[in-house]
Amino acid sequence: MSTFENLGLQEPICRALHAIGYENPTPIQAQTIPQILSSGSDLKAFAQTGTGKTAAFSLPILEHLDTSNKSVQAIILSPTRELAIQIGKNIQEFSKYMPKINVLTVYGGSNIEQQIKELRRGVHIVVGTPGRTLDLLKRKSLNLSNTRFVVLDEADEMLNMGFKEDLDAIVRYTPKSKQSLLFSATFPKEVEEIAKNYLNNPIEISAGQKNTGTANVSHEFYRVTEKTRYLVLKRIVDLNPEVYGIIFCRTRKDTQQIADKLIQDGYSADALHGDLSQSQRDAVMAKFRGRNIQLLVATDVAARGLDVDNLTHVINHKLPDQIENYTHRSGRTGRAGRSGQSIILANRNEVTKLKSIERILKQPIKESQIPSGEEICENQLMHLLKKVKDNSVDTSKVNDFLPQIYNQLKDFDREELIKRFVALEFNTLLHYYENAQDLNEMIINDKGSRKKSSSMNMTRFFINLGRKDRLRPSKLMGLINEQGIGNGVEIGEIDIFDSFSFFEIDKNFSDLIQSSFQKNKPVFNNRKAVIEITKKDPSSEGKRGKKRRDRKDNKPTGFGRKRRRK
Ligand code: AMP
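In this text, all values refer to a predicted model and were calculated from it rather than measured experimentally. (Residues numbered from 1 in each chain as written. Predicted model: local features only at pLDDT ≥ 70, side-chain atom pairs only at ≥ 80, totals over all residues. Heavy atoms only, no water.)

Caption draft 1: Highlighting the overall build of the protein chain. What the protein chain contains, in helices and strands, is 24 helices and 20 strands. By sequence separation, contacts in the protein chain at least 24 residues apart represent 76% of the contacts at least 6 residues apart. Per element, the accessible surface of the protein chain, about 27500 Å² overall, is 49% carbon and sulfur. (Helix = DSSP H or I, 4+ residues; strand = E, 2+ residues; numbered from the N terminus. Contact = heavy atoms within 4.5 Å. Areas by Shrake-Rupley, 256 points an atom, 1.4 Å probe, with all protein chains shown as cover.)

Structure, rendered in C-alpha cells:
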C-alpha cells in the first residue's frame, strides 16, 4: 500500500496529514499526486464526492508553491460557497507545518472589501466561487497573471449551476503556461466540451470504480405512488431510529413542505434550500453538523459542498432531473471508509429510470418492501433494548433521585415495571401503527400504478399459492423479485385467491421467470412455488379462473372477486 511519504510529499505535509487522521492516500490521491508532482501536463480526473479529491489536487499544489513569491499561484474554483470554504479549510490544515501560506476563500455574500484588503497583502492560493472570483478580477483586485495552477472542482456542478460564461471569462485572465486540473463526477457533453477547450493534451485519471465512496454505499428502492410517498418516507425513517441523513427533494417548495410536515409529525428535521437567507442556511447547517437535527431536507444545489462524513442515509424523496446527479447525492454517504445507504422512493415512472442509474453506478439497486407497522415497532423496541443493554445510557444523573424512585415504585415487580416503562416509551408509536395499512398492497392496488390486464405487453401466470399460504401481493412481488430477473421488471395485475393466484409480468421476461422458478425451486411458507403461463383471454378472467379453481381448488370461497380494493 502506498504512503504519502512515498508519493513524494515533503515531511511537514505528511506530518499534517497524519495529524488529521489521513493514514494512507485514497485511490484518486495515489494516482493524482505523483502525476502533478512529476509533470506539468493538464489533468482530467473522473472523481466523485467523498473520494478525497480535495487533497488530491491541494497537496501537489502546496508542494510546488513558492512562498517567497507573494502573487497568486493557484486558483481553485468550486460551485458553492460551502465547498469553497471546506477546501480553504482543508488547505490550511494540510499546510499547518509549512512556512506561512496565505489561503483566501472568496464567495458571494461575504465582505468583498475585506477580501480586497487580504489580496493586497499577498495571497498564494485563492479558493472561490466563479461569480465572486470574476467580480474581483474585473475590479482588478485579483491578479491571476502569475497563476501556475487552475483547478476546476466539480466541473459538472459548476456547469449545472450556469457558471459556464463566468468560467470562460476567468480562464481568459490566466496565463497560457499554467497547469489546468479538472475534476468532475460525471462527464456529460458540456463537461467534455470545456475539457476540450481548457485542457491541453490532458492526462486522464479515473478513480471511478475504485472509488470507495460509492463501493461503501448500498442502493435500494421502494415503490411509491404520489399518495403514499410521504407515508413511505416516514416508515423508512421510523425503521431507522439512528438515521442521520439528507432527504433530497427536487424543488425548494417540496423541500420546505416535506421538512414542515416532518417537523409537525415530531421528527428531528429542518429544510435547506435557496429561498433561505445565508444566515438561515448557516444556522441549519450548523444544527445538522452538530447532530442537533437528524434529517436535513435539501435541494441538490443547497446541499452541494456540505461536508459531513458520518451520514447513515441519503434518501431520494424524488429522483433528480438529471440522473447523473444521483451519484452526487449518494456520494454524500459512505464517506471516509464508512458504509451508507442510498434509498430511492420511485413511482412507476421513476422505476423505469433505475436501469440507467444502475449502469452509471455499476451496482444493482435492490427493491425493498415497505416495512409494516409491526416490523417498525419491533425494530424500534429492539433498538431501545440494545441501548439499555449496551450501557449507552448515562445513568449517573439520576443517582440522586433513586431513593425516591424506588420508594414510588416499590409495589411493582420486575415484569410489571418493564412492561410499564416500555409501554410509556412505545404507546404513541404502537398506537400510530396499530391499524396501519400494508402500503405495498396499497401501491399495487393503486389503479394508476399498474398496467391493466388487457395490456398486450403482459403474460399472465398462474401460481399454486394463495391466501391460505398467507400470500399477499407484496409477498408475491418479493417472491418474483427474489428470482433474480432484475429490478424494474414490470409486474402487472395480481389476483390472489384462496389456494392459488394469478399475476402478470412483462412478456419479455416470461421465459426468464419460468426458467428461474424451475431452477431455483423457491419455497414459500413450506410450499414449493410452481408457476404456469395461463393462455387466457384476460377479459374473461373470472370465468377462466373458475375453471382453474375447479381443477385445483375445491373451495369456491371468494373466487371471482377481483382483488382491487379502494
Ligand atoms: P473529499 O472528497 O476531498 O471531500 O474528501 C472526503 C472525505 O474523506 C473528507 O472528509 C476527507 O477529510 C476524507 N479524506 C480524504 N482523504 C483521506 C485519506 N487519505 N484518509 C482518510 N480520510 C480522507
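Having put the structure on the table, let's press on.
Caption draft 2: Expanded view of the packing of aromatic side chains. For the coordinates displayed, the defined rule picks out 9 aromatic pairs. Plain terms: the ring middles of F497 and F502 are 5.9 Å apart, the flat faces sit at 75° to each other, and that makes the pair edge-to-face. You can call F497 buried: its relative accessible area is 6%. Under the relative-accessibility criterion, F502 is labelled buried at 3%. Feature note: the residues F462, F497, F500 and F502 constitute an aromatic cluster, connected by ring pairs. Above the face of the Y97 ring, R15 is positioned so that its terminal group lies 4.4 Å from the ring centre. The ring of Y230 has K261 lying over it, and the distance from NZ or CZ to the ring centre is 4.4 Å. (Phe/Tyr/Trp six-rings, centres within 6.5 Å; stacked < 30°, edge-to-face > 60°. Buried < 20%, exposed > 50% of the residue type's maximum accessible area, 1.4 Å probe, protein only. Lys NZ or Arg CZ within 6 Å of the ring centre and 35° of its normal.)

Caption draft 3: Structural detail: the sheet that holds strand β13 (residues 340-346). The strand order across the open sheet built from 7 strands is β10-β11-β9-β12-β13-β8-β14, with neighbouring strands paired in parallel fashion. For this open sheet the edge positions go to β10 (269-272) and β14 (366-367), each flanked by a neighbour on one side alone. In this sheet, strand β11 (residues 295-299) lies alongside β10 in parallel orientation, the contact comprising 4 bridges. When the bridges of β11 are listed, A269 appears paired with L295. The strands that helix α11 (residues 229-239) touches are β8 (217-223), β9 (245-249), β11, β12 (313-316) and β13; relative to β13, the one it contacts most, it runs at about 160°. In the packing of helix α13 (residues 278-289) onto the sheet, the strands contacted are β9, β10 and β11, and the crossing angle to β10 comes to about 140°. (Pairing = 2+ DSSP bridges. Axes fitted to C-alpha atoms, helices over the stretch in contact; angles between N-to-C directions.)

Caption draft 4: Spotlight on the packing of helix α5 (residues 112-121) against helix α6 (residues 130-138). It is the contact of α5 with α6, at a shortest axis distance of 12 Å, that shows an interaxial angle of 60°. The orientation of α5 with respect to α6, classified from their angle, is oblique. With respect to the hand of their crossing, α5 and α6 are arranged in right-handed fashion. In this structure, α5 contributes I112, Q115, I116 and L119 to the contact, and α6 contributes R132, D135 and L136. Classifying every residue of the contact of α5 with α6 by side-chain character gives 4 nonpolar, 1 polar and 2 charged. (Parallel < 35°, antiparallel > 145°, perpendicular 65-115°, else oblique. Left-handed = near helix turned anticlockwise from the far one by under 90°. Nonpolar A, V, L, I, M, F, W, Y, C, P; charged D, E, K, R; others polar.)

Caption draft 5: Structural context of the sheet that holds strand β6 (residues 179-184). A sheet is described by the order of its strands in space; here 7 strands give the open sequence β3-β4-β2-β5-β6-β1-β7, paired in parallel fashion. Strands at the two margins of the open sheet, each flanked by one partner only, are β3 (103-106) and β7 (203-206). Sheet twist, expressed as the average angle between the axes of neighbouring strands with direction ignored, equals 15°. Where strand β2 (residues 74-77) meets strand β4 (residues 125-128), 4 bridges bridge the pair, whose relative direction is parallel. Within the sheet, the bridge partner assigned to A74 lies in β4 and is I125. Together, β2, β4, β5 (149-152) and β6 form the strand contacts of helix α3 (residues 53-64), whose direction differs from that of β5 by roughly 175°.

Caption draft 6: Region of the structure containing the pattern of salt bridges. Summed over all chains, the structure comprises 25 salt bridges. Close ionic contact of E82 with R81 constitutes a salt bridge, the shortest N to O distance being 3.9 Å. Each member of the pair, E82 as well as R81, carries the same accessibility label: buried. Three or more residues are tied together by salt bridges with common partners; here these are R81, E82, R281 and D282. (Salt bridge = Lys/Arg side-chain N within 4 Å of Asp/Glu carboxyl O.)

Caption draft 7: Summary view of the site of the ligand. In the vicinity of the ligand there are 13 residues, among which Y22, N24, Q29, G52 and T54 approach most closely. For the ligand, a nitrogen atom lies 2.8 Å from a polar atom in the side chain of Q29. The contact in question runs from an oxygen atom of the ligand to an N or O atom on the backbone of K53, over 3.3 Å. (Near = heavy atom within 4 Å. Polar contact = N/O pair within 3.5 Å; in protein donor to acceptor, adjacent residues only side chain to side chain.)

Caption draft 8: Expanded view of the environment of Y173. As for its position among the elements, Y173 is in the loop between α8 (164-172) and β6. Taking the relative accessible area as the measure of exposure, Y173 reaches 36% and is therefore partly exposed. Through-space distance from the C-alpha of Y173 to that of N146 is 9.9 Å; in sequence the pair is 27 residues apart.

Caption draft 9: Here's a closer look at unusual backbone geometry. Phi at N201 takes a positive value of approximately 45°, unusual for a residue other than glycine. Looking at the element boundaries, N201 is found in the loop between α9 (189-198) and β7. Unusually for a residue other than glycine, R291 sits at a positive phi of about 60°. Following the sequence through the fold, R291 ends up in the loop between α13 and β11.

Caption draft 10: Structural view of the nonpolar core. L59, L62 and I125 are the most contacted members of the largest nonpolar core, which totals 37 residues. For this core, the element with the most residues is α3, which contributes 6 residues. What L59 contacts, discounting residues up to four positions off in sequence, is F4, L9, I13, L17, I33 and F94. Core analysis: the second largest hydrophobic core is formed by 31 residues, V106, L134, L136 and F163 among them. (Core = buried A, V, L, I, M, F, W, Y, C linked by side-chain atoms within 4.5 Å.)

Scope: geometric values only; no functional claims are made or implied.
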